[in-house]
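Chain by chain, the residues run as shown.
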Amino acid sequence: MHANVVFVNVDATQADPAGRGLHDHVIPRISHTAGFVAGYWLEPVNGKSISVTLWETEHAAREAAGLIRPASSPTTGVKLDRIETREVIGQA
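In this report, we go over the structure that sits alongside the text.

Here is what the cut-offs are and how they apply
- Residues numbered from 1 in each chain as written.
- Predicted model: local features only at pLDDT ≥ 70, side-chain atom pairs only at ≥ 80, totals over all residues.
- Heavy atoms only, no water.
- Patch = residues over 30% accessible without salt bridge, like charges linked within 9 Å, V, L, I, M, F, W, Y side chains within 5 Å.
- Areas by Shrake-Rupley, 256 points an atom, 1.4 Å probe, with all protein chains shown as cover.
- Salt bridge = Lys/Arg side-chain N within 4 Å of Asp/Glu carboxyl O.
- Helix = DSSP H or I, 4+ residues; strand = E, 2+ residues; numbered from the N terminus.
- Buried < 20%, exposed > 50% of the residue type's maximum accessible area, 1.4 Å probe, protein only.
- Pairing = 2+ DSSP bridges.
- Axes fitted to C-alpha atoms, helices over the stretch in contact; angles between N-to-C directions.

### Some thoughts on a nonpolar patch on the surface
Together, Tyr40, Leu42 and Ile50 give the surface a local cluster of nonpolar side chains, amounting to about 290 Å² of exposed area. Within the secondary structure, Ile50 sits in strand S3 (residues 48–55).

What follows is the structure, encoded as structure tokens:
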């Protein structure tokens, strides 16, 4: 299993539309992508937020990461910082 760890910057003045965009667009799109296992989106702290999505294979994780484009976020007030794809080496 592999994970995509996504780091974003969130404009605090756009918190409401950012939250709606997450629930209306991002989560449904990601959760219906081939190889998706689970996803967790964490609340922003000091304008920074992190999400972790789990994927069946490294290929699925990298394919999903490739769908995210820095300049075309569907969510108002959110800007992509970076994405890291990592192998999951433990779970409980």
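### Things to note about the pattern of salt bridges
Under the counting rule described, the total for this entry stands at 4 salt bridges. Note that Arg82 is salt-bridged to Glu84, the shortest N-O span being 2.9 Å. Among the residues examined, Arg82 registers a relative accessible area of 37% and is labelled partly exposed. The partner of Glu84 in a salt bridge is Arg86, and the shortest N-O contact between them spans 2.3 Å. Residue class for Arg86 comes out partly exposed when judged on its relative accessible area of 48%. Bridged by salt links that share partners, the residues Asp81, Arg82, Glu84 and Arg86 form one connected network.

### What to know about the sheet that holds strand S1 (residues 2–10)
For sheets, the rule is that strands pair by backbone hydrogen bonds, running either parallel or antiparallel. Across the sheet, 4 strands lie side by side as S2-S3-S1-S4; this open sheet has antiparallel pairing. Single-partner strands in this sheet number two, and they are strand S2 (36–41) and strand S4 (78–87). With direction set aside, neighbouring strand axes in the sheet form an average angle of 15°. Pairing analysis gives 5 bridges linking S2 to S3, with the strands arranged antiparallel. Residue pairing across strands places Phe36 opposite Trp55, the latter belonging to S3.

### Digging into unusual backbone geometry
Of note in the backbone geometry, Asn46 takes a positive phi value of approximately 55° without being a glycine. Mapped onto the fold, Asn46 is located in the loop between S2 and S3.

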